[in-house]
Amino acid sequence: MKQQKPNLQKLTAQALSDSKLSELDLSKTTLGTTQLSTTQLSTTATAEKAQANKTVTCLDRLKGRPMILQLEGLSKKFGPDLTILKDINLGIHRREFLTVIGPSGCGKSTLARTLAGLETITNGKALINGEPITGPGPDRGMVFQKYTLFPWLTVKQNIMFGLTSQGRDKSQAEGEAREWIEIIGLTKFSEHYPSQLSGGMQQRVAIARSLATRPKVLLMDEPFGALDAQTRLRMQQHLIEIWQNIDVTVVFITHDLDEAIYLADRILVLKPNPGEIQSLVDVPLPRPRLPEHLKSNAFHTLKQELAVLIHSHDQSEDVDEPLHMFRMTNVDDDAE
Amino acid sequence: MQPSNGNSKLLLAASFLLPLLIWSSVSYLPFLWHPNVQITKPGDVSYFRSEMQVERATFDSEVQKAIASGAAVPQGFRVNPVYLPAPDQVFVALYTSFTTEPKRRSEQWLHESLWHSITIIFWGFTLSSLVGIPLGILCGAYSVMSRLFEPFIEFFRYFPAPAFGALAVAILGIHDAPKVAIIFIGTFFQQVLIVANTTRMIDPALIEAARTLGASRPVVLFRVVVPGVMPALYRDSRILLGWAWTYLIVAELIGTSSGITWFITQQARYKNFDNVFAAIMMIGMIGLATDIILSRFSRRLFRWQEGGAH
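Residues numbered from 1 in each chain as written. Chains lettered and ligands numbered in written order. Predicted model: local features only at pLDDT ≥ 70, side-chain atom pairs only at ≥ 80, totals over all residues.

K.L.:
Just to check I follow, could you spell out the overall build of chain A for this structure?
P.N.:
Within chain A, the secondary structure is distributed over ten helices and eleven strands. Put simply, chain A has 336 residues, and 41% of those count as buried. For chain A, the proportion of contacts with a sequence separation of at least 24, taken over those separated by at least 6, is 73%. (Helix = DSSP H or I, 4+ residues; strand = E, 2+ residues; numbered from the N terminus. Buried ≥ 20, exposed ≤ 12 C-beta atoms within 10 Å, placed from the backbone. Contact = placed C-beta atoms within 7 Å.)

Spelled out as structure tokens, the structure:
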């Protein structure tokens, strides 16, 4: 923990100094959302207060960084009547880890796809590094929930795909791919085809494939949604570790509150029909995140808070309806 | 439900043995069908000749008449019509038809006829694929291409290929060129539409993934769409190749008759129906063998597919 922090700071400082980002006019960006204050959340636990203060400075530092993604009045409609996203105003900082949650139908996947350039923007603007997003590009990587590795390519060839398709020299791409394979711990599998890998391995390759082109932003649309709980937890740790060591901003869509809190610096909560920003919540947990944090008071308070926010708009009405179950057994003793 | 490995082999054998069993019973059990009688002794019936075949009813009534009038009774045994040879005759013919010398000097041996047919198929199918597969992929990948080409092709494919026979001969002469053209016409239009449809079935998520990796449209086409649909295209081509054999029979009848079709018509004219059956079976065997070889090859080619792994 103490070893990593200076490293991270150094990386960040370096990254910031050699970029022209700092010249951006930050006053333009608006955060038109209700922000929960971190202190408010953590007052209940005095023991965590010191830690929380440290986190606050961490978050302050985050917010001091330039914006990498700016959404200004972003709206997305399918057809004339169906509004999926409405008037989204949001600024995402460089090297931030933002998770997006919300009930189904809130347009969180559409948000990621719009940022990726896979969906057109109906109204408003989405800027990356100050440039409007007009289509997909290598500056924004994307990892999908569905396994999207190219099944006819080996692990290594998959990771090389983005590099070579941009005309990068093949042997250089191969060298970089090999480094990535080492990072994700699949050295033994570099010549395997995706059909020979488990779901978790496939998603690790997908992450490496996206990051190999050195995107500024990594968009992740419920990437661990299809994995079992154990694998999911391991993947979350992998992801954090990777993110901490490279200059990338992550926008991570999920429906799992634990995951959203565990990973994020800030959590964007959307409400459905149409998808609008409900709130933008700071996560008062220190980094590096440890599994113990999942049991802390701050974690639980925040989780409850988020659950209330989401359920107030949850439209799946059938959840509370009683089952029309009748007795189908002749065995006398009740199971309960 | 999937049968177990042993069972599926058994079923494979049975699927060939059952028809053979039916054919054998009809051929070798004299009480099954055998609608004719082959005469061994004509007796006093004026028009009966030895080795002549007559219908059973005719034979029976002549026998009745002979008994009633006290004349010599004709004798014979029940046989199947000459156009249904027994399995053993056909199996022998599978070999002997190769060794039978052509009746005229200008005529071809069977193996030459077969080879001729195979080259016609090969050229017709190859030429069609060289144009049809790329065009089909383009139609499947780009809606502009699809809207430009597919309506006309959809219309054209309803023209029966054999209808172009006379035209093809008039334009291309009487030898092999019009035959190749018929196979081309019969294959090409179906091929474009089938390939386009197959191409459309590629997982759009793969294309999206490629685009987020910064792949341009040509890169997506050549490095995602083409390799992605290749196994399905390979399967389509195997089916289309089977259809090409159907057009072969018509193609070989136009202009100067040639190839295996010439052999079949010639042998039917001589009433060598065992040779006719043998030739038809050869077409089937060549088709099946090609398909098996291609399927083996596909497992090698597309090793990355599920199940083909390890």
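K.L.:
Quick question: what am I supposed to make of the domain arrangement of chain A here?
P.N.:
By a widespread convention, an interface's size corresponds to the accessible area lost as its parts come together. Residues and elements named next belong to chain A. What the domain assignment reports for chain A is domain 1 (30-139 + 216-313) and domain 2 (151-214). At the junction of the two partners, domain 1 supplies 13 residues and domain 2 supplies eleven residues. For the side of domain 1 that touches domain 2, the leading source of residues is helix H8 (residues 229-245), giving five residues. Taken together, the residues of the side of domain 1 that touches domain 2 sort by class into eleven nonpolar, two polar and no charged. (Domains from an automatic or database assignment. Nonpolar A, V, L, I, M, F, W, Y, C, P; charged D, E, K, R; others polar.)

K.L.:
Where do I start with the sheet that holds strand E2 (residues 53-55) of chain B in this structure?
P.N.:
Sheet strands associate in pairs through backbone hydrogen bonding, adopting either a parallel or an antiparallel arrangement. Residue and element names in this part refer to chain B. Strand order in the open sheet formed by three strands is E2-E1-E3, with antiparallel pairing between adjacent strands. On the outer flanks of this sheet lie E2 and strand E3 (75-79), each paired with one strand and no other. Along the sheet, successive strands turn relative to each other by an average axial angle of 40 degrees, direction set aside. Two strands pair when backbone bridges link them, and strand E1 (residues 36-41) and E2 are joined in this way by three bridges, in the antiparallel orientation. Note that in E2 the partner of Val37 across the bridge is Val54. On the sheet, helix H2 (residues 56-69) packs against E1, E2 and E3 and is oriented at approximately 90 degrees with respect to E2. (Pairing = 2+ DSSP bridges. Axes fitted to C-alpha atoms, helices over the stretch in contact; angles between N-to-C directions.)

K.L.:
Quick question: what am I supposed to make of the environment of Leu153(A) here?
P.N.:
All names here are of chain A. Tracing the backbone shows Leu153 in the loop between strand E7 (140-143) and helix H5 (155-165). Its 19 C-beta neighbours within 10 Å are what place Leu153 among the partly exposed residues. Counting along the chain gives 84 residues from Leu153 to Gln237, while the straight-line C-alpha distance between them is 27 Å. With near-sequence residues (within four places) excluded, Leu153 lies in contact with Asn158 and Phe161.

K.L.:
I keep staring at the interface of chain B and chain A and nothing clicks. Help me out?
P.N.:
Across the boundary between the two partners, chain B contributes 19 residues, which contact 23 residues of chain A. Sorting the residues of the side of chain B that touches chain A by element identifies helix H8 (204-212) and helix H9 (217-251) of chain B as the ones contributing at least two each. For the side of chain B that touches chain A, the per-class residue count stands at ten nonpolar, five polar and four charged.

K.L.:
Would you take a moment to explain the sheet that holds strand E3 (residues 82-93) of chain A for this structure?
P.N.:
Residues and elements named next belong to chain A. Strands sit in the order E3-E2-E5-E6 across an open sheet of four strands; the sheet is antiparallel. Every other strand in the sheet has two partners, leaving E3 and strand E6 (131-132) as the edge strands with one partner each. Across eight bridges, strand E2 (residues 67-78) lies against E3 in antiparallel orientation. Its bridge partner being in E3, Met67 is matched across the sheet by His93.

K.L.:
Teacher, can you tell me more about the nonpolar core here?
P.N.:
Most often, soluble globular proteins have nonpolar side chains that are buried together. Grouped together as the largest cluster of nonpolar side chains are 119 residues, with contacts concentrated most on Val251(A), Ile267(A) and Ile183(B). In terms of residues, this core owes the most to one element, helix H7 (residues 176-200) of chain B, which gives twelve residues. Ignoring sequence-local partners within four residues, the contact set of Val251(A) consists of Ile92(A), Leu98(A), Val100(A), Ala112(A), Leu115(A), Val217(A) and Leu219(A). If you look at the next biggest cluster of nonpolar residues, it comprises eleven residues, including Ala93(B), Leu110(B), Ile260(B) and Ile264(B). (Core = buried A, V, L, I, M, F, W, Y, C linked by C-beta atoms within 7 Å.)

K.L.:
Help me understand unusual backbone geometry, please; the structure alone is not making it clear to me.
P.N.:
In terms of backbone geometry, most residues other than glycine have negative phi values and most peptide bonds are trans. Residue and element names in this part refer to chain A. Cis geometry marks the peptide bond from Asn273 to Pro274; its omega dihedral reads -5 degrees. Structurally, Pro274 is set in the loop between strand E10 (266-271) and strand E11 (276-282). In this structure, the amide linkage connecting Arg287 to the following residue, Pro288, adopts the cis form with an omega of 0 degrees. One can find Pro288 in the loop between E11 and helix H10 (297-311). The phi angle at Arg214 is positive, at roughly 55 degrees, despite the residue not being glycine. Take Arg214: it is sitting in the loop between helix H7 (199-212) and strand E8 (217-221).

K.L.:
Got a minute to help me understand the packing of H5(A) against helix H6 (residues 170-183) of chain A in this structure?
P.N.:
Residues and elements named next belong to chain A. Packing of H5 against H6 brings their axes to within 8 Å, and their N-to-C directions diverge by 125 degrees. When the axes of H5 and H6 are compared, the pair comes out oblique. Where H5 crosses over H6, the handedness of that crossing is right-handed. Where H5 abuts H6, its residues Val155, Lys156, Ile159, Met160, Leu163 and Thr164 lie against Lys170, Ala173, Glu174, Glu176, Ala177, Trp180 and Ile181. A class-by-class count of the residues in the contact of H5 with H6 yields eight nonpolar, one polar and four charged. (Parallel < 35°, antiparallel > 145°, perpendicular 65-115°, else oblique. Left-handed = near helix turned anticlockwise from the far one by under 90°.)

K.L.:
In this structure, what is going on with the confidence of the model for chain A? I would like to understand it.
P.N.:
When pLDDT drops low, the exact placement of atoms in the prediction is not to be read closely. Of the residues in chain A, 81% have a pLDDT of 70 or more, and the chain-wide mean is 81. The model gives residues 1-44 of chain A a pLDDT under 50, and that stretch makes 53 contacts with residues more than four places away or in other chains. (pLDDT = per-residue confidence, 0-100.)

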